[in-house]
Amino acid sequence: MQRTRTHGEHLIDQLLVLASLQRMNEITGVWQEIMKVMKAAWEAAWPMFCDKIKGFSLHFYTWRHGPLSKDLYRVLDSLVAAGLAERRHVSSRSLFRGQWPALAYAITEKGSHVLEQCEPLLSIDTNVGILHEVLRAAEEVGPMDPLEARDKSHQMRIPHRDDPSRTVLLAELPNGTDLIEVLQPTEAQVAFALDDDWFEALDMMLSPEYEPGLMGKHSHTTYEDLFGT
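Quantities reported herein were computed from a predicted structural model and do not represent experimental measurements. (Residues numbered from 1 in each chain as written. Predicted model: local features only at pLDDT ≥ 70, side-chain atom pairs only at ≥ 80, totals over all residues. Heavy atoms only, no water.)

Enquirer: Before we go on, may I ask you to explain the sheet that holds strand S1 (residues 32-33) in this structure?
Expert: In sheet architecture, strand pairing relies on hydrogen bonds along the backbone and comes in two forms, parallel and antiparallel. With antiparallel pairing, the three strands of this open sheet are ordered in space as S1-S5-S4. At either margin of the open sheet sits one strand with a lone partner, and together these are S1 and strand S4 (85-92). In the sheet, S1 pairs with strand S5 (residues 100-107) via two bridges, with the strands oriented antiparallel. The residue of S5 that forms the bridge with glutamate 33 is alanine 104. Along the sheet, helix H3 (residues 70-81) makes contact with S4 and S5, crossing S4 at roughly 115 degrees. (Pairing = 2+ DSSP bridges. Helix = DSSP H or I, 4+ residues; strand = E, 2+ residues; numbered from the N terminus. Contact = heavy atoms within 4.5 Å. Axes fitted to C-alpha atoms, helices over the stretch in contact; angles between N-to-C directions.)

Enquirer: Please clarify how the environment of aspartate 195 should be interpreted in this entry.
Expert: Among the secondary structure elements, aspartate 195 is positioned in the loop between strand S9 (190-191) and helix H8 (196-205). Residue classification places aspartate 195 among the partly exposed residues on the basis of a relative accessible area of 38%. The sequence separation of aspartate 195 and glycine 8 amounts to 187 residues, and the corresponding C-alpha distance is 9.9 Å. Separated by 2.8 Å, the side chain of aspartate 195 and the backbone nitrogen of tryptophan 198 make a polar contact. (Buried < 20%, exposed > 50% of the residue type's maximum accessible area, 1.4 Å probe, protein only. Polar contact = N/O pair within 3.5 Å; in protein donor to acceptor, adjacent residues only side chain to side chain.)

Enquirer: Sorry if this is basic, but what is going on with the confidence of the model for the chain here?
Expert: Detailed reading of the predicted coordinates is not advisable wherever pLDDT is low. Averaged over all residues, the pLDDT of the chain is 90; the fraction at 70 or higher stands at 90%. Note that pLDDT drops below 50 for residues 216-229; the model gives that stretch 28 contacts with residues more than four away or on any other chain. (pLDDT = per-residue confidence, 0-100.)

Enquirer: Hey, could you run me through the nonpolar core in this one?
Expert: If you look at the biggest cluster of nonpolar residues, it comprises 61 residues, and the most contacted ones within it are Phe56 and Phe60. For this core, the element with the most residues is helix H2 (residues 34-50), which contributes ten residues. Contact partners of phenylalanine 60, with chain neighbours within four places excluded, come to Met38, Ala41, Trp42, Ala45, Pro67, Leu68, Ser69, Thr177, Asp178, Leu179 and Ile180. (Core = buried A, V, L, I, M, F, W, Y, C linked by side-chain atoms within 4.5 Å.)

Enquirer: Explain the pattern of salt bridges to me, please; I cannot follow it from the model alone.
Expert: Enumeration according to the criterion identifies 13 salt bridges in this entry. For arginine 74, the salt bridge goes to aspartate 71, with nearest N and O atoms at 2.8 Å. Taken together, the residues span about one helical turn, with arginine 74 and aspartate 71 both in helix H3 at a distance of three residues. Arginine 74 gets classed as partly exposed once you look at its relative accessible area, which sits at 45%. With relative accessibility at 10%, the residue aspartate 71 sits in the buried group. Of the charged contacts, one joins aspartate 163 and arginine 166 as a salt bridge, the two residues approaching to 3.5 Å between their closest N and O atoms. The class of arginine 166 is partly exposed, set by a relative accessible area of 43%. What emerges from the salt-bridge pattern is a single network uniting Glu43, Glu133, Arg136, Glu140 and Lys152. (Salt bridge = Lys/Arg side-chain N within 4 Å of Asp/Glu carboxyl O.)

Enquirer: Explain the layout of surface pockets to me, please; I cannot follow it from the model alone.
Expert: When its volume is computed, the largest pocket comes out at roughly 420 Å³. Surrounding the largest pocket, 20 residues form its lining, Phe49, Pro159, Arg161, Asp178 and Leu179 being those nearest its centre. For the lining of the largest pocket, the secondary-structure elements that each account for two or more residues are H2, strand S6 (157-159) and strand S8 (178-180). With three residues, H2 is the largest single contributor of residues to the lining of the largest pocket. Of the residues assigned to the lining of the largest pocket, the class counts are eleven nonpolar, four polar and five charged. (1 Å grid on protein atoms, 1.4 Å probe; cavity = no way out; pocket = protein on both sides within 12 Å on 5 of 7 lines; lining within 4 Å. Points joined across faces, edges and corners; volume = space filled by probe spheres on them. Nonpolar A, V, L, I, M, F, W, Y, C, P; charged D, E, K, R; others polar.)

Set out below in structure tokens:
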């Protein structure tokens, strides 16, 4: 049974998904279909999970359209609720070989502001490599249409659970097969660095109550430096 993600893990997931959305928006336009957002998260999460790097804390399993994470839906819902991302239906032409009102997401001005304020956090040595993986995946999946992104994930070969010496095509696995489980901090060789001060800062900035105009730019990582307390 999957364990419940901690609030700190959820905050980190929110920040990394924001970074992914922004990069895809920069490359291909504002609105990104949910399948592309999902596959960009998967493309980043899988190699990190294999290397025991704790960046995303998203549980993924196989489903009809490739790797799926209900945790990612929760992250996106919270970003929309906080005004950091927007959600709408767009006409997706390739998903079902015709026009289809697909769910899509875009980062808001408030979301971009939060990313800017978090640059010192994302520049910490441990976090740089994790962010690099997230942006790499966004750049890879961004130009694809949803069907192309789905097919790419279907064609991945991953180690067989019962015999890691051989691989299996992801599309051949039964629906509901666990792919990524949330790493415990003790299981990770590398983990996203988030100290208590940045935890409090993120908790505030990623909340619906946060007003960007109340906080100016900063160049330090402590809560005292950020808010003068």
